[in-house]
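# Structure assessment
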Amino acid sequence: MVHTFRRLGSNIAVDTESGAVHVLSPVAYKMLSYIKPPLTQDMPVSLRYSLAKYDSSGVEEAYEELYSLYERGELFSDAIPLGDISKALSTRIKSMCLHVSHDCNMRCRYCFADCGGYVRERTLMSQKTGKRALDFLIEKSGGVRNLEVDFFGGEPLLNFDVVREITRYGRELEAKHGKNIRFTLTTNGSLLDDESIDFINAEMSNVVLSIDGRQQVNDYMRPFEDGSGSYETIIPKYKKLVERRGDGEYYVRGTFTRRNLDFATDVLHLVDLGFSAVSVEPVVLPQESEYSIRKEDLPVIIAEYEKLALEYIARAKAGRPFTFFHFIIDLDGGPCAIKRAKGCGSGCEYVAVTPDGSIYPCHQFAGEEKFKIGNIFDGVIDENIRNTFAHCNLIENPTCADCWAKYYCGGGCAANNFHMEGDIMKPYSIACELERARVEFALAIKAALAK
Amino acid sequence: MKHVKTLNTKTYASRAIGSGCGECQASCQSACKTSCTVGNQRCERRVDENTTKKNQNTGK
């Protein structure tokens, strides 16, 4: 499968199965719309007529070059023989979203977690449950050395003492079992102080700092319980954390909704505040919500990604680069083909554990009984549910199998699929369209910076 | 080449066999927590190889 597109002034061809990305001259780009595999060494005569407006020697040269890509397996390449991905997925758990707090001091209008309550009552995870969750992770991790634990909520810093104790316990387990646990934390920032900042910077391999961008955007969507805005409280705390963090990884992470489809301005606002690693993502809410992204919004959103991409290039060329999560693509060193095919691993390699010790396929399924996989105390896993998620992969999903962007996306989000389309295997179409557009811009940025 | 500039030097096929070790980060644990993407993830083996090479070069 070959996908061609024009973005940011470049003609680009993606050879889906090999992952090769080619920037093409106008004649080579046009030629790709006329040729199909198998290619012959001699150029088909019909191309001379189809491409009559181009110089004939240029047409011949372009064909020779495209044919050499074809010979090397970088154009119209065959599918990668990946075997049964579901077996690769179902054997171990290596990544855990630990819901240390089902409570929150903010009332974000788009919150999928029912403002921290996760459909049920507001609770905090006990130290005992948190430690048992880590034991469970170690038990189920098999031979995998690198494990991940994300402290999540609600707001995890409402339960900071437990976060600290679980982390300390995790360090003990690492030494005892020869594991490397990467702790991360996702916070709304309101409770950060010197003590928690220093702890996070010392112990968390990544920290995700929630904020939506401009003050008026953030304060409307992310108010405190009393309705007041959170921007002025969190900005100085985030600045302090990032300043003290040095080279440590972090992201300021926002959500855009129908109310701020001009979200590139929010991304650049955060960059201009001094945050160099930014992720701002589309909200996922039912169509009837006033904040939801709808199909008719897509042209505006895609134009906004283009605006952001142009600024991304301009600042990179001016020696002031920043990182936008969805524009990062490592064309040479990215993940292996199997990782690309199995995607996020929710319900298999990746699970979420709630304050009462229940296990769910991921944080977005927390509280939904029909997806409960088990609990950490008896360690018994519902293999039927787990198996269902093991089949959520590129090879077995017919919609994904035919998509040119599948190896960049990994099959999307099962939770979004379920909540928006009613089936974990049915790709959420709006997310797919946005992902494809973002990948095109990410590749076009690579092309522009390679000029 | 005059008409084609390939942006990458490696294809997926060259990394397909013997991989899937599971040591890399779950994609949802990176920065998103809502929208999945794997194209921006790192291969843990490559990170390890590069670290080893770097340490060898610096005599560590």
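Residues numbered from 1 in each chain as written. Chains lettered and ligands numbered in written order. Predicted model: local features only at pLDDT ≥ 70, side-chain atom pairs only at ≥ 80, totals over all residues. Heavy atoms only, no water.

When helices and strands are tallied, chain B shows two helices and one strand. Classification of the 60 residues of chain B by burial places 52% in the buried group. Per element, the accessible surface of chain B, about 3200 Å² overall, is 50% carbon and sulfur. (Helix = DSSP H or I, 4+ residues; strand = E, 2+ residues; numbered from the N terminus. Buried < 20%, exposed > 50% of the residue type's maximum accessible area, 1.4 Å probe, protein only. Areas by Shrake-Rupley, 256 points an atom, 1.4 Å probe, with all protein chains shown as cover.)

The next thing to look at is the overall build of chain A. On a plain count of helices and strands, chain A comes out with 17 helices and 15 strands. Computed over its C-alpha atoms, the radius of gyration of chain A comes to 24 Å, within 12% of the 22 Å expected for a compact globule of 451 residues. Viewed in the frame of its principal axes, chain A has a C-alpha envelope of about 75 × 45 × 45 Å. Within chain A, buried positions represent 61% of all 451 residues. (Rg over C-alpha atoms; globule rule 2.2 N^0.38 Å.)

Contacts between the two partners involve 41 residues from chain B, matched on the other side by 78 residues from chain A. Interface area, chain B with chain A, both sides summed: about 5100 Å², of which 52% is carbon and sulfur. The tally of links between chain B and chain A comes to one salt bridge. With a shortest N-O distance of 3.3 Å, lysine 2 of chain B and glutamate 61 of chain A are connected by a salt bridge. There are 19 residue pairs in polar contact (both at pLDDT 80 or more) connecting chain B and chain A. Of the residues forming the side of chain B that touches chain A, the biggest block, three residues, is contributed by strand β1 (residues 4-6) of chain B. Its residues assigned to classes, the side of chain B that touches chain A comprises 14 nonpolar, 18 polar and nine charged. (Contact = heavy atoms within 4.5 Å. Buried area = accessible area lost by both parts, 1.4 Å probe. Salt bridge = Lys/Arg side-chain N within 4 Å of Asp/Glu carboxyl O. Polar contact = N/O pair within 3.5 Å; in protein donor to acceptor, adjacent residues only side chain to side chain. Nonpolar A, V, L, I, M, F, W, Y, C, P; charged D, E, K, R; others polar.)

It is worth spelling out the environment of proline 37 of chain A at this point. Residue and element names in this part refer to chain A. Topologically, proline 37 is positioned in the loop between α1 (26-31) and α2 (46-50). Here the alpha-carbon distance between proline 37 and leucine 75, two residues 38 residues apart in the chain, equals 9.0 Å. Those residues in contact with proline 37, other than ones at most four positions away along the chain, are Tyr70 and Phe76.

Attention now goes to the domain arrangement of chain A. It is common to give the size of an interface as the accessible area lost on bringing the parts into contact. Domain annotation of chain A identifies domain 1 (2-79) and domain 2 (91-327). Here the C-alpha centroids of domain 1 of chain A and domain 2 of chain A sit 42 Å apart. (Domains from an automatic or database assignment.)

A few words now on the pattern of salt bridges. Residue and element names in this part refer to chain A. All told, the structure shown has 32 salt bridges over all chains when counted by the stated rule. A salt bridge links glutamate 225 to arginine 107; the shortest N-O distance between them is 3.0 Å. You can see glutamate 225 sitting in the loop between α8 (215-221) and α9 (231-245) and its partner arginine 107 sitting in the loop between β5 (101-102) and β6 (123-124), a full 118 residues away along the chain. The exposure class of glutamate 225 is exposed, given its relative accessible area of 53%. Between aspartate 297 and arginine 258 there is a salt bridge whose closest N-O contact spans 2.8 Å. Highlighted residues: aspartate 297 in the loop between β11 (277-282) and α11 (298-317) and arginine 258 in the loop between β10 (249-256) and α10 (263-272), separated in sequence by 39 residues. For aspartate 297, a relative accessible area of 5% corresponds to the buried category. A residue is classified by how much of its surface remains accessible, and arginine 258, at 29% relative accessible area, is partly exposed. The network of salt bridges with shared partners includes Lys131, Glu165, Arg168 and Glu172.

What follows is about the pairing of strand β13 (residues 350-353) of chain A. All names here are of chain A. Along β13, one buried face is formed by Tyr350 and Ala352 and the opposite face, lined by Val351 and Val353, is buried too. Sheet topology places strand β4 (residues 95-99) next to β13; four bridges connect them, and they run parallel. Within β13, the position partnered with leucine 98 by the bridge is valine 353. (Pairing = 2+ DSSP bridges.)

This part covers helix α5 (residues 127-140) of chain A. Residue and element names in this part refer to chain A. The terminal C-alpha atoms of α5, which comprises 14 residues, lie 20 Å apart, in line with the 20 Å expected from a rise of 1.5 Å per residue. Those residues of α5 not exposed but buried are Thr129, Gly130, Lys131, Arg132, Ala133, Leu134, Phe136, Leu137 and Ile138. In the core, the buried residues of α5 are packed alongside β4, β7 (146-152), α6 (160-177), β8 (180-187), β13 and β14 (358-360). (Expected span 1.5 Å × (residues − 1).)

This part covers the pairing of β7 of chain A. Residue and element names in this part refer to chain A. Of all the seven residues making up β7, seven are buried; the element is thus mostly covered by neighbouring parts of the structure. Across the two faces of β7 the burial is the same, with Asn146, Glu148, Asp150 and Phe152 and Leu147, Val149 and Phe151 all buried. Two strands pair when backbone bridges link them, and β4 and β7 are joined in this way by five bridges, in the parallel orientation. Counted as the bridge partner of serine 95 is glutamate 148 from β7. Viewed along the sheet, the connection from β7 through α6 into β8 turns out right-handed. (Right-handed = clockwise from strand over helix to strand, strands pointing away.)

So, about the packing of aromatic side chains. Each aromatic ring pair is described using two quantities: the centre-to-centre distance and the angle formed by the ring planes. All names here are of chain A. Inspection of every chain in the model, using the stated rule, returns 18 aromatic pairs over all chains. Both rings, one in tyrosine 312 and one in phenylalanine 322, keep their centres 4.9 Å apart while their planes meet at 75°; by these two values the pair is edge-to-face. Note that tyrosine 312 is positioned in helix α11 and phenylalanine 322 in the loop between α11 and β12 (323-324), a separation of ten residues in sequence. When sorted by exposure, tyrosine 312 lands in the same class as phenylalanine 322, which is buried. Taken together, the ring pairs connect Phe256, Phe263, Tyr305, Tyr312, Phe322, Phe324 and Phe327 into an aromatic cluster. (Phe/Tyr/Trp six-rings, centres within 6.5 Å; stacked < 30°, edge-to-face > 60°.)

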